[in-house]
Amino acid sequence: MTKPASILSDGTRALLMQLADTLDRVQPNAAMSEAIRLARPLVLAERLHGPTEAAFAAEQDLLAAMPPVRDGQTRGEYAALLRLIAQGVAA
């Protein structure tokens, strides 16, 4: 279950938007996978914080905000969903 948008930190919202931008920029019509959903948060968090406890916390918050990938969902579709979550429109 994803965290309600109302309790997302500004940092988590920013990381959701960064991830959405990446998914839209790189192969947006390709299939989104659960492996990508699990791997990208760590990459983004460590870019922001380095390999620190803060990166681990940011990764965990980001993962909690991200819904599971649906069958047949593209990277672009998942990016749109992440933007809605970051904006507080969807959960």
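Residues numbered from 1 in each chain as written. Predicted model: local features only at pLDDT ≥ 70, side-chain atom pairs only at ≥ 80, totals over all residues. Heavy atoms only, no water.

## Details of helix 4 (residues 75-86)
For helix 4, built from 12 residues, the straight-helix expectation of 16 Å at 1.5 Å per residue is met to within 8% by its first-to-last C-alpha distance of 16 Å. Buried residues dominate helix 4, accounting for nine of its 12 residues. The complete set of buried residues in helix 4 reads Arg75, Gly76, Tyr78, Ala79, Leu81, Leu82, Arg83, Ile85 and Ala86. The secondary structure elements touched by the buried residues of helix 4 are helix 1 (10-25), helix 2 (34-49) and helix 3 (53-65). Glycine 88 occupies a position one or two residues after helix 4 and carries a positive phi of about 80 degrees. (Helix = DSSP H or I, 4+ residues; strand = E, 2+ residues; numbered from the N terminus. Expected span 1.5 Å × (residues − 1). Buried < 20%, exposed > 50% of the residue type's maximum accessible area, 1.4 Å probe, protein only. Contact = heavy atoms within 4.5 Å.)

## Observations concerning the nonpolar core
Membership of the largest hydrophobic core comes to 22 residues, with the highest contact counts inside it found for Leu16, Leu23, Met66, Tyr78 and Leu82. Sort the elements by how many residues they give to this core and helix 4 lands first, with six residues. Tyrosine 78 has contacts with Leu23, Met32, Arg37, Met66, Pro67, Pro68, Val69 and Gln73, leaving out every residue within four places of it along the chain. (Core = buried A, V, L, I, M, F, W, Y, C linked by side-chain atoms within 4.5 Å.)

## Comments concerning the confidence of the model for the protein
Mean pLDDT over the protein stands at 92; residues scoring 70 or higher make up 92%. The element-level mean pLDDT for the protein is lowest in helix 2, coming to 94, with helix 4 highest at 97. (pLDDT = per-residue confidence, 0-100.)

## Looking at the environment of arginine 75
In this structure, arginine 75 sits in helix 4. In this structure arginine 75 touches Thr22, Leu23, Val26, Gln27, Pro28, Ala30, Ala31, Met32 and Ile36, once residues within four positions along its chain are discounted.

## Here we look at the environment of alanine 35
Tracing the backbone shows alanine 35 in helix 2. On the basis of relative accessibility, which here comes to 55%, the residue alanine 35 falls in the exposed class. Here the alpha-carbon distance between alanine 35 and valine 69, two residues 34 residues apart in the chain, equals 9.5 Å.

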